[in-house]
Amino acid sequence: MEPLQFLNPNGDFTLRKADATSGLYFPLVNAGGMISSITPTLAGDCKTGQNTYLLAPASNETLHESRATRNFWLCIPGKQPWSAAGQSAWQRAALHSPEAEEVTLTAGLLWQRVLRENKALGVQASILSFVPAGGDRVELMQLTIKNTGTAPLAFTPVAAIPLYGRSADNIRDHRQVTSLLQRLCVLEQGVELHSTLTFDERGHKPGTVRYTVLGCDATGAGPVGCLGSVQSFVGEGGSYDCPAALAGVKPTWLHPGDTAEGCEMVAALRFADCLLAPGAETQFTLVLGIDCAGEEYLAPGAVARALEATKAAWQQKCSVRFTTGNPGFDAWMRWVTIQPELRRICGCSFLPHHDYSRGGRGWRDLWQDCLALLLTEPETVREDLLDYFAGVRVDGTNATIIGRAPGEFVADRNNIVRVWMDHGFWPLLTVNLYLQQSGDYDFLMQQRGYFCDQRLARGEKLDEHWDTAAAPRKLVGGKAVTGSILEHLLLQNVAAFFDVGAHGMLRLRGADWNDALDMATQNGESVAFTAAYAGNLLTLAHLCSDLARRGTTTVQVAGELCDLLATPAEQYQSPASLIAARKNFEQASEAWAKGPRPVATADLQRALTAMATHLQQKIRAQELVTDGADRSWFNSYYDENGTQVEGNRNNSHTVRMMLTGQVFTVLSGTATPAQVEQIIRAADWYLYSPVRGGYCLNTDFGPYGKDTPPLGRMFGFAYGHKENGAVFCHMAVMYAYALYSRGFAEAGNAVLGALYRQCAHFAASRIYPGIPEYFDPQGRGMYPYLTGAASWLLLCMLTQSFGVRGCKGDLLLAPALTAQQFDAAGNAVVECSFAGRALRILYHNPHFVEPDAYKAATATLAGESYPYNAAVGGVLIPRAALLKLDENETLTMEVTIHE
């Protein structure tokens, strides 16, 4: 297997024989909403949304199943038609033979170039593909054809782009009927397709979207002939990889002004015949557009200029850059850094593995993606965060799907009434990072409305009097309701505290972070997120203390929430009392009539601390399990039977362990330092799989059957796949972050190192650079690009490993880099931004001391020295000191590390 090789620190790389690996694809996207996927053989799709696909929707399986792919043909006299993409029947047949063509892919952020050579024919094709940065909804292809033989090369060039031109729904919903609505018109430079109607039996609408494919040769001349219908191109009994129109059957070529209608369409563009002398080359440009023809990209030099602008734009998006002792890791992190931006554009849809959903981002995705954006584009995030809080209901639950417009929310993708019990946890995590990075505590006092729909009582009932037409989604109890961001956060976390099951842990309800734990809605409990919410309650208590120190000693809180907060602490031990208090609160929240009341921040701090302390003590006393030997960890869940899921089952040799409960007990501070050490030992023993890239989500719970915990669909999956025991990168990275945050840097680095090595081992992972959702039992990366693991990895590397993070608005430098992360000179560098200033921070560790034995002793910035501050565990640089310096210059800081 050819290794993937990085070419430079920007992440550009090369890969030979890329066409010999299944499932490889790039996302090609821009801020305008153009979303393409493309393989080394040009398979994939192109769209701007669920209902606007230029190329037919692609899933991971159709990448190799479908022959309807982008293509460019050379019809060479006396030879079989040759596909520059390798997509002819005879080229595919030769793929695994000695006659296989030489293929080399070179790529970067976000562009690819595939070089293919057929020595027998004496021809070489270089195909450049990218979506230009900016707002143009176009995909660009530029082909360079070179004669590598010793004799002149004559050929007829024909581009062939299959046109789908409608909604993804129509793949299995009236595909043939919707083809009857298709209308294609031949233009001077190519073709345009539109539908007379968008087919919807609930109400058909006029078709307004225009799909275009334009092209030109090296002289700027357009095609000399076109074919529009698939039948005219592939012919009777033919196919896309052996089209009759190129194999001797003479079709009737169309010309500007001609049309085709009522059938499946293709943009087959025939250009003028070419004759190349040995060593000579020529060029062709294609522009695929959706409501954007893009004729300007056919101008001389336009594609080259657009490529350079696109490269620069994506590099600028990667505003955080690491330089360690491992250049391959540094280049790989360039790809990880852009993954949150890909999620912002694509949501969790529209790439071949992500062949579900209809666009939009989920609630959890929204907040976790902001973790990375706060580090790379902090100036853009504040208003977004404020808008997101408009998705919170007054009962503490929230809408689950977020639209593209600011403040646009949907209760659920499939209109199913359900509550993910973890959703209230994530907003505070993100807001606290924002507050620490910015010092903007006024943010907590900003007013925002609440989301309102038919769902009441944490999804347990529907409002029978709800009038969808008359009731705007911002009305509660018939009136507009607003509250501070602090109130929104209190509602989410305090209401969750009272939503307990029989064991006093928070109810699992529809699921938590693990969506596949969806079959324990009545009696399931999530110990993992009980610990997570305990950590949140402590964070809220600290924020109340911070507000008081800043002069905000009283805040306004809704009366309904005040009554809930007033529940006596002695009732916390009784799940029945907590449930009764929750139901009273939910009943009152339907009217929301009590109005705001002044509450002392000191009183809030005490109440929140008491809640957090109760949960943490209960988990430590009740949920610690063992294997019957000398390893212990925390149980993560109770199933629908009310049974504790983990531990040594029935004193047998069957030990069950899950990673999620360990992550959140460590992260929240629920696990004591001694218990963290025990968790590390148990995870290393039961969950670590070096072949698969690190720490599995759970041990094998056995075959699906009567002994399977009634907990969720995950146990129906084959073990080692997805949520059932895969190395799930998101939770693995969170495990690393949790370990770093508790001072176990070497263990945290080991987790990240295992993931990186698996990603970089192309013979096993078979993925382009970046971190995937998970690794399967063979160690293959699955569901690349659109994963929350990327945000957490960037957050972990910058704020924990390199220790560059905010502390109430000031800059804290508290590195935890291991000795192997420094280069041969003992240096490690990170380039990032803070307080609107570009920073270059150089850590110097001349004696290669490990993090448990060193401290960042001094930092030098603009001639000023800043000493180690024991109170915060690092070097603290006041924000005011940074703001005095030139915002147009990169500020260099040197930090010396001593034992």
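Residues numbered from 1 in each chain as written. Predicted model: local features only at pLDDT ≥ 70, side-chain atom pairs only at ≥ 80, totals over all residues. Heavy atoms only, no water.

Draft legend 1. Quick look at the overall build of the chain. Of regular secondary structure, the chain possesses 21 helices and 54 strands. Taking 899 residues into account, the globule formula puts the C-alpha radius of gyration at 29 Å, and the chain, at 29 Å, falls close to it. Across its three principal directions, the C-alpha atoms of the chain cover 90 × 70 × 65 Å. Each of the 899 residues in the chain was classed as buried or not, and the buried ones make up 60%. Long-range pairs, those at least 24 residues apart, make up 69% of the contacts in the chain with a sequence separation of at least 6. Looking at the chain as shown, the accessible area adds up to about 33200 Å², and 50% of this sits on carbon and sulfur atoms. Charged side chains of the chain number 73 positive and 89 negative; the gap between the two group centres comes to 1 Å. (Helix = DSSP H or I, 4+ residues; strand = E, 2+ residues; numbered from the N terminus. Rg over C-alpha atoms; globule rule 2.2 N^0.38 Å. Buried < 20%, exposed > 50% of the residue type's maximum accessible area, 1.4 Å probe, protein only. Contact = heavy atoms within 4.5 Å. Areas by Shrake-Rupley, 256 points an atom, 1.4 Å probe, with all protein chains shown as cover. Lys, Arg positive; Asp, Glu negative; His and termini not counted. Charge placed at Lys NZ, Arg CZ, Asp CG, Glu CD.)

Draft legend 2. Structural view of the side chain of Thr-530. Examined against the element boundaries, Thr-530 turns out to sit in helix α11 (residues 527–549). Not counting chain neighbours up to four residues away, the residues in contact with Thr-530 comprise Met-505, Leu-506, Leu-615 and Ile-619.

Draft legend 3. The pairing of strand β13 (residues 153–163), seen in detail. For β13, the buried fraction is high: 10 of the 11 residues fall into the buried class. Bridging between strand β7 (residues 71–75) and β13 involves 5 bridges; their strand directions are antiparallel. Within the sheet, the bridge partner assigned to Leu-74 lies in β13 and is Pro-157. Of the pairings in the sheet, the one linking β13 to strand β22 (residues 274–276) comprises 3 bridges and is antiparallel in character. Bridge pairing links Ala-154 to Leu-275 in β22. (Pairing = 2+ DSSP bridges.)

Draft legend 4. Seen up close, the packing of aromatic side chains. Counted according to the given criterion, the structure contains 37 aromatic pairs. Taking 5.1 Å as the distance between ring centres and 55 degrees as the angle between the ring planes, the aromatic pair formed by Tyr-434 and Phe-443 counts as tilted. The pair formed by Tyr-434 and Phe-443 is uniform in burial state, with each residue classed as buried. Geometrically, the ring pair formed by Tyr-688 and Tyr-695 is tilted, given 5.1 Å between the ring centres and 50 degrees between the ring planes. Overall, Tyr-688 belongs to the partly exposed group, its relative accessible area being 32%. Given a relative accessible area of 7%, Tyr-695 falls into the buried group. Over the ring of Tyr-164 we find Arg-166, and its NZ or CZ is 4.6 Å from the ring centre. The cationic tip of Arg-550 hangs over the ring face of Tyr-441; the distance from NZ or CZ to the ring centre is 4.0 Å. (Phe/Tyr/Trp six-rings, centres within 6.5 Å; stacked < 30°, edge-to-face > 60°. Lys NZ or Arg CZ within 6 Å of the ring centre and 35° of its normal.)

Draft legend 5. Structural view of the pattern of salt bridges. A full pass over the atoms with the stated rule returns 40 salt bridges. Glu-773 is the salt-bridge partner of Lys-722, the closest N and O atoms lying 2.9 Å from each other. With Lys-722 in the loop between β43 (694–695) and β44 (727–728) and Glu-773 in the loop between α19 (762–765) and β45 (774–775), the pair connects residues that are 51 residues apart, well separated along the chain. Judged by relative accessible area, Glu-773 falls into the buried class, the value being 9%. (Salt bridge = Lys/Arg side-chain N within 4 Å of Asp/Glu carboxyl O.)

Draft legend 6. Highlighting the environment of Ala-790. For Ala-790, the position within the fold is in helix α20 (residues 789–801). The exposure class assigned to Ala-790 is buried, which follows from its relative accessible area of 1%. Setting aside residues no more than four positions away along its own chain, Ala-790 makes contact with Val-336, Gln-339, Pro-340 and Ile-771.

Draft legend 7. Inspection of helix α8 (residues 381–388) at higher detail. Looking only at α8, the buried set comprises Val-381, Leu-385, Leu-386 and Tyr-388. Looking straight down α8, one finds that the buried residues subtend no more than 160 degrees of arc, so they occupy a single side. (Arc of directions from axis to C-beta.)

Draft legend 8. How the structure looks around the sheet that holds strand β53 (residues 874–877). Strand order in the open sheet formed by 9 strands is β24-β49-β50-β54-β51-β52-β53-β48-β47, with mixed pairing between adjacent strands. Across the chains shown, the open sheet's two edge strands, defined by having one partner strand only, are β24 (321–323) and β47 (804–807). Strand-to-strand twist across the sheet, computed as the mean angle between neighbouring axes with direction ignored, equals 25 degrees. Direction of pairing for strand β51 (residues 855–861) relative to strand β52 (residues 864–869): antiparallel, over a ladder of 4 bridges. Across the sheet, residue Thr-858 finds its bridge partner in β52, namely Pro-867. Contacts between helix α9 (residues 426–438) and the sheet are confined to β47, β48 (810–813) and β49 (827–834), with β47 contributing the most and set at about 85 degrees to the helix. (Axes fitted to C-alpha atoms, helices over the stretch in contact; angles between N-to-C directions.)

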